[in-house]
Amino acid sequence: MKIIKLQDLYFTPFISKDKISKIVKHLAEQVKADLPKDEVPIFVGILNGCFLFAADFIREFNGNCEVSFVKLASYQGTSSSENVKQLLGINEDLTDRTVIILEDIIDTGTTLQEIYNIFRNKNVKQLKVVTLFFKPDVFRKELPIDYIGKSIEDKFIVGYGLDYNGLGRNYPAIYQLTTKPKMKNIVLFGPPGAGKGTQATLLKEKYNLVHISTGDVFRFNIKNETELGKLAKSFMDEGDLVPDEVTINMLKAEVEKNATANGFIFDGFPRTESQAIALDEFLAEKGEQINGMVALEVPEDLLVERLLERGKTSGRTDDTDESKIRNRFNEYNTKTAILKEFYQAQGNYFGINGVGSVESITVSLSKVFDTL
Ligand code: AMP
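Note that the structure is a prediction, hence the values are computed from the model and not measured. (Residues numbered from 1 in each chain as written. Predicted model: local features only at pLDDT ≥ 70, side-chain atom pairs only at ≥ 80, totals over all residues. Heavy atoms only, no water.)

Enquirer: How should the environment of Glu103 be read in this particular structure?
Expert: Along the chain, Glu103 turns up in strand E6 (residues 98-106). On the accessibility criterion, Glu103 (5% relative accessible area) is buried. Taking the C-alpha atoms as reference points, Glu103 and Phe53, 50 residues apart in sequence, are found 8.1 Å from one another. When near neighbours in sequence (up to four residues on either side) are disregarded, Glu103 contacts Ile46, Phe53, Thr111, Ile115, Val130, Thr131 and Leu132. (Helix = DSSP H or I, 4+ residues; strand = E, 2+ residues; numbered from the N terminus. Buried < 20%, exposed > 50% of the residue type's maximum accessible area, 1.4 Å probe, protein only. Contact = heavy atoms within 4.5 Å.)

This is the structure we're talking about:
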């Protein structure tokens with residue numbers, strides 16, 4: 001999950017889809033458990049925000065029930081008071097019924113007050129209120145709320161039915177308002193030998209970014225015989241990927257070392273889907289994001305030649321043996337290449353022809369960097 005932008009504002013992931021499902025399930029179970037065995041309640045969802053919550057809640061409510069939706073609209077009649085609301089949508093006779101209100105969020109309690117006022121004259125048997133989210137710090141009423149999914153601090157949230165200027169309701173998770181990201185973070189992508197390292201060295205100067213090459217960090221650790229180096233060596237020598245957990249922790253530590261950076265060029269990371277997810281989450285926690293994945297596209301045969309050539313001078317053991325090189329491509333094709341789709345799905349993939357002179361490729365890359 002990454003930061004989202006809605007009109008002029010940025011929102012960072014706050015409550016995941018899975019977490020929401022658990023909260024909703026728990027609420028539905030509690031409500032069910034408190035009802036008399038044969039009671040058929042009528043759930044009343046308060047539109048628009050509750051539509052996803054209501055749909056999920058009702059599916060988790062394990063029993064017969066009726067469902068209705070209402071909208072509270074400002075009363076457009078003779079009243080001079082702006083605050084009086086009118087209920088649109090209830091056609092059912094609610095006499096002697098158990099009515100259970102479903103709200104997505106209760107903050108100051110103004111809407112809740114309206115609901116209590118309106119249902120007071122409907123001769124219901126009982127009225128209960130279920131809210132998915134509750135903001136205790138701003139709630140100013142002495143009104144009962146029977147079931148609360150989760151209490152949250154007073155920050156503006158969107159997603160899972162909740163909106164900002166009508167947008168954001170479609171996201172399956174909840175996002176919280178955050179400040180505008182300050183960094184420019186770019187994933188420089190491509191198969192082994194595509195020229196990522198060469199280009200990153202040039203581009204980091206031009207854009208004043210910090211270049212993190214996970215391969216370089218591993219080689220540094222191997223040279224200095226650190227624990228991390230010892231661990232990574234056996235994998236690297238074979239051309240296998242180093243396990244995700246090790247690599248992700250190392251990457252995070254490298255980012256933390258550069259707290260004042262304007263941004264990063266990530267080279268050789270992420271290489272698996274879980275690394276990409278971890279990177280998005282890690283950056284989102286900081287109110288930052290990946291601005292784009294820029295990929296150097298080069299045919300594989302050309303790459304093997306390039307790597308063997310590089311192996312003559314690079315001192316890299318994984319560049320000299322063709323079978324190890326082939327294994328690196330195998331790793332790339334089975335675990336890493338899919339990241340193209342991952343970033344494409346975010347609208348963040350930019351492919352560049354990686355065949356040509358170093359200078360001409362820098363020019364092509366810069367054109368993309370400038371737009372990010
Ligand atoms: P590179 O210098 O990017 O070609 O990386 C050389 C080797 O370091 C790879 O073949 C892997 O064994 C290891 N490595 C570098 N980055 C990663 C990563 N993100 N995930 C797993 N292994 C990595």
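Enquirer: What's the story with the pattern of salt bridges in this structure? I'm lost.
Expert: If charged atoms from side chains of opposite charge come close, those side chains can pair. Tallied over the full model, the rule gives 21 salt bridges. For Asp163, the salt bridge goes to Arg169, with nearest N and O atoms at 3.5 Å. The class of Asp163 is partly exposed, set by a relative accessible area of 25%. The structure contains a network of salt bridges with shared partners spanning Arg310, Arg316, Asp318, Asp319 and Arg328. (Salt bridge = Lys/Arg side-chain N within 4 Å of Asp/Glu carboxyl O.)

Enquirer: In this structure, what is going on with helix H1 (residues 17-34)? I would like to understand it.
Expert: For an α-helix the count is 3.6 residues per turn, leaving residues at separations of three or four pointing the same way. A rise of 1.5 Å per residue sets the reference length of H1, with its 18 residues, at 26 Å; its end C-alpha atoms lie 26 Å apart and thus fit the reference within 8%. The set of residues buried in H1 consists of Ile20, Ile23, Val24, Leu27, Ala28 and Val31. Along the long axis of H1, the arc covered by the buried residues comes to 130 degrees, so they all point the same way. Structural note: H1 exposes Asp18, Lys22 and Ala33 on the side pointing more than 90 degrees away from its buried face. (Expected span 1.5 Å × (residues − 1). Arc of directions from axis to C-beta.)

Enquirer: Sorry, what's going on with the sheet that holds strand E14 (residues 292-297) here?
Expert: Across the sheet, which stays open at both edges, the five strands sit in the order E12-E13-E11-E14-E15 with parallel pairing between neighbours. The open sheet terminates on both sides in strands that have one partner only, identified here as strand E12 (210-213) and strand E15 (349-353). Put simply, the sheet's adjacent strands are angled 20 degrees from each other on average, direction ignored. Running at roughly 175 degrees to strand E13 (residues 263-267), helix H4 (residues 196-207) makes contact with strand E11 (184-189), E12, E13 and E14 of the sheet. (Pairing = 2+ DSSP bridges. Axes fitted to C-alpha atoms, helices over the stretch in contact; angles between N-to-C directions.)

Enquirer: Can you help me understand the site of the ligand in this one?
Expert: Taken together, 16 residues lie near the ligand, and Thr214, Arg219, Asp240, Gly268 and Arg271 sit nearest. Take Arg219: an N or O atom from its side chain is 2.8 Å from an oxygen atom of the ligand. Within the side chain of Arg271, a nitrogen or oxygen atom sits 2.9 Å from a nitrogen atom of the ligand. With the chains in place, 96% of the 480 Å² that the ligand exposes on its own is no longer accessible. Considering each element in turn, the shell around the ligand owes the most residues, four residues, to helix H5 (residues 214-223). The residue makeup of the shell around the ligand, split by class, is five nonpolar, five polar and six charged. (Near = heavy atom within 4 Å. Polar contact = N/O pair within 3.5 Å; in protein donor to acceptor, adjacent residues only side chain to side chain. Areas by Shrake-Rupley, 256 points an atom, 1.4 Å probe, with all protein chains shown as cover. Nonpolar A, V, L, I, M, F, W, Y, C, P; charged D, E, K, R; others polar.)

Enquirer: Quick question: what am I supposed to make of the environment of Leu251 here?
Expert: Within the secondary structure layout, Leu251 lies in helix H7 (residues 244-256). Once the C-alpha coordinates of Leu251 and Asn121 are considered, the two residues, 130 residues apart in sequence, prove to be 62 Å apart. Beyond its immediate sequence surroundings of up to four residues, Leu251 is in contact with Ile212, Thr214, Phe266, Phe269 and Leu279.

Enquirer: Is there a simple way to explain unusual backbone geometry in this structure?
Expert: Leaving glycine aside, a negative phi is the common case for residues, and trans is the common case for peptide bonds. Cis geometry marks the peptide bond from Leu47 to Asn48, where omega comes out at 5 degrees. Position of Asn48 relative to the elements: it lies in the loop between strand E3 (42-47) and helix H2 (51-60). Residue Pro270 is bonded to the preceding Phe269 through a cis peptide linkage, with omega at -5 degrees. A positive phi angle, close to 50 degrees, is found at Gln7, a residue other than glycine. Positionally, Gln7 belongs in the loop between strand E1 (4-6) and strand E2 (9-15). Take Gln7: its relative accessible area is 44%, and that puts it in the partly exposed class. Its identity is not glycine, yet Asn165 carries a phi of approximately 50 degrees, on the positive side.

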